[in-house]
Amino acid sequence: MKWKLRVNYLKKETQNYTSRCASEAKKLVEDVEIENHNVDVVEREVADVLETSKSKLQEAIKQRDEEIQICAWELYALVDSVSKYKEYMASKISEMKSNLSETTGAVSDSYKSSLPLQFGITFEANH
């Protein structure tokens, strides 16, 4: 009988140990499932953030390209305007030089023609 009690006791201990191990295994499986769920949630959130970031980046690149295009056209217009103004100023300076030359010649001629009257000097054309 003693050995029967001993066998029953060992069976009971084995069942208790097996039950504890099964319980711990079940708890570990539940923990792993919860962590897997948490990882899935985080992965979805990360994917959403990534998609949103890509979209914002594409929009920022598009806006930057548009701004660059606008700046390029403004720069082109400015360079064209400066070039036209430079041509205009070169023409004006040339016109002013021509007018100055004509005025200098007229003043010189007027001065030369007034000398004989002032001093009674005559200039001969053959000199």
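Provided above is the structure to which this section pertains.
Heads up: these notes are all about the structure in this document.

### Some thoughts on the packing of aromatic side chains
Part 1 of the reasoning: Under the criterion given, the structure shown has 2 aromatic pairs.
Part 2 of the reasoning: Aromatic side chains Trp73 and Tyr76 sit 6.0 Å apart centroid to centroid with 85° between the ring planes, which places their arrangement in the edge-to-face category. On the criterion of helical spacing, the pair formed by Trp73 and Tyr76 is a turn pair, its members being 3 residues apart in helix 1 (residues 2-119).
Part 3 of the reasoning: Among the residues examined, Trp73 registers a relative accessible area of 54% and is labelled exposed.
Part 4 of the reasoning: Measuring from ring centre to ring centre gives 6.3 Å for Tyr85 and Tyr88, while their planes differ by 35°; the resulting arrangement is tilted. A residue pair is termed a helical-turn pair when its members lie 3 or 4 positions apart in one helix, as Tyr85 and Tyr88 do in helix 1 at 3 residues.
Part 5 of the reasoning: Owing to a relative accessible area of 53%, Tyr85 belongs among the exposed residues under this scheme.
Part 6 of the reasoning: On the accessibility criterion, Tyr88 (45% relative accessible area) is partly exposed.

### Regarding the pattern of salt bridges
Part 1 of the reasoning: Enumeration over the complete set of coordinates arrives at 4 salt bridges.
Part 2 of the reasoning: As a salt-bridge pair, Lys27 and Asp31 come within 3.1 Å of each other at their nearest N and O atoms. In this pair, Lys27 and Asp31 both sit in helix 1, 4 residues apart, roughly one turn of the helix.
Part 3 of the reasoning: Residue Asp31 is classed as partly exposed on the basis of its relative accessible area, which comes to 31%.
Part 4 of the reasoning: Linking Asp65 and Arg64 is a salt bridge whose minimum nitrogen-to-oxygen distance equals 2.8 Å.

### Remarks on the environment of Thr14
Part 1 of the reasoning: Relative to the assigned elements, Thr14 resides in helix 1.
Part 2 of the reasoning: A distance of 2.6 Å separates the side chain of Thr14 from the backbone oxygen of Leu10, its partner in a polar contact.

Calculation rules
Residues numbered from 1 in each chain as written. Predicted model: local features only at pLDDT ≥ 70, side-chain atom pairs only at ≥ 80, totals over all residues. Heavy atoms only, no water. Phe/Tyr/Trp six-rings, centres within 6.5 Å; stacked < 30°, edge-to-face > 60°. Helix = DSSP H or I, 4+ residues; strand = E, 2+ residues; numbered from the N terminus. Buried < 20%, exposed > 50% of the residue type's maximum accessible area, 1.4 Å probe, protein only. Salt bridge = Lys/Arg side-chain N within 4 Å of Asp/Glu carboxyl O. Polar contact = N/O pair within 3.5 Å; in protein donor to acceptor, adjacent residues only side chain to side chain.

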